[in-house]
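Examining the three-dimensional arrangement
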Amino acid sequence: MSKALTSFALVAVLTALLMALSLAVARHGYPYGAIGVRRLDGIADAGTFIPLAAVYFFSALLMMILPIRAASIVLTNAADAVFWTVIVLFAAILGCLVARWAFGQRDVLWTVLNWRFLFAAVIIGCHFVMNELRRNVLLRSLFFVIFAAATLACLFWSFTL
């Protein structure tokens, strides 16, 4: 968990510095600053977490039913990769928002209250409790159904509010 927090903090700080640099260059009237801001804003979308959640929940579903060796392959090659992608994306989004807030855009922090960020929180939470889910047969059976429903919901439900 400390590695995840350290990675999150470092990516958030680096992204905030890059966004601050882009905003400062754009404020001085150079077009390159606007290009940098657009590129960093391109990844700052909470909707990105929905397809990542579908992939993560499908890999978690497989980990619930596969034998331990096959489940460990799914964990290391799919679930871990999606987990770290979510950490990096969420940190980058937060870094962009903090830099915009530091440059006077005070309303930008309300973006963090977007309900689609719950997908990132659920992925991170599931990843931290995955070992406990694998140990208990009842929990494994229950979460097989939950992960199947979550995968299908992330793939096929529109999630419009």
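That block above? That's the structure.
First, a word on scope: everything that follows refers to the structure included in this document. (Residues numbered from 1 in each chain as written. Predicted model: local features only at pLDDT ≥ 70, side-chain atom pairs only at ≥ 80, totals over all residues. Heavy atoms only, no water.)

**A short note on the state of the cysteines**
According to the stated counting rule, one finds zero disulfides in the structure shown. Considering cysteine sulfurs only, Cys126 is the nearest to Cys154, which forms no disulfide, with 10 Å between them. You can call Cys154 buried: its relative accessible area is 9%. (Disulfide = S-S within 2.5 Å. Buried < 20%, exposed > 50% of the residue type's maximum accessible area, 1.4 Å probe, protein only.)

**Some points on the environment of Arg135**
Along the chain, the position of Arg135 falls in helix H5 (residues 117-135). Among the residues examined, Arg135 registers a relative accessible area of 60% and is labelled exposed. A C-alpha to C-alpha distance of 9.8 Å links Arg135 and Met64, two positions 71 residues apart in sequence. A polar side-chain atom of Arg135 sits 2.7 Å from a polar atom in the side chain of Glu132. (Helix = DSSP H or I, 4+ residues; strand = E, 2+ residues; numbered from the N terminus. Polar contact = N/O pair within 3.5 Å; in protein donor to acceptor, adjacent residues only side chain to side chain.)

**Side note on a nonpolar patch on the surface**
A grouping of Met1, Leu5, Phe128 and Val129 is seen on the molecular surface, where their side chains present a nonpolar patch of about 410 Å² in accessible area. In this fold, Phe128 is placed in helix H5. Phe128 gets classed as partly exposed once you look at its relative accessible area, which sits at 38%. (Patch = residues over 30% accessible without salt bridge, like charges linked within 9 Å, V, L, I, M, F, W, Y side chains within 5 Å. Areas by Shrake-Rupley, 256 points an atom, 1.4 Å probe, with all protein chains shown as cover. Salt bridge = Lys/Arg side-chain N within 4 Å of Asp/Glu carboxyl O.)

**Focus on the pattern of salt bridges**
The full count for this structure, using the stated rule, is two salt bridges. The salt bridge involving Arg100 is made with Asp41; its shortest N-O contact spans 2.3 Å. Within this pair, whereas Arg100 is found in helix H4 (residues 68-102), its partner Asp41 is found in helix H2 (residues 31-42), the two being separated by 59 residues in sequence. Ionic pairing is found between Arg135 and Glu132, a salt bridge with its closest N-O pair at 2.7 Å.

**As for H2**
With twelve residues, H2 extends 17 Å between its outermost C-alpha atoms, agreeing within 8% with the 16 Å of an ideal straight helix rising 1.5 Å per residue. Those residues of H2 that fall on the buried side of the exposure criterion are Gly33, Gly36, Val37 and Leu40. Around the axis of H2, the buried residues are gathered within 100 degrees of arc, so they sit on the same side. Seen from the open side of H2, the exposed residues pointing more than 90 degrees away from its buried face are Pro31, Arg38, Arg39 and Gly42. Next to the buried residues of H2 lie helix H1 (2-27) and H4. (Expected span 1.5 Å × (residues − 1). Arc of directions from axis to C-beta. Contact = heavy atoms within 4.5 Å.)

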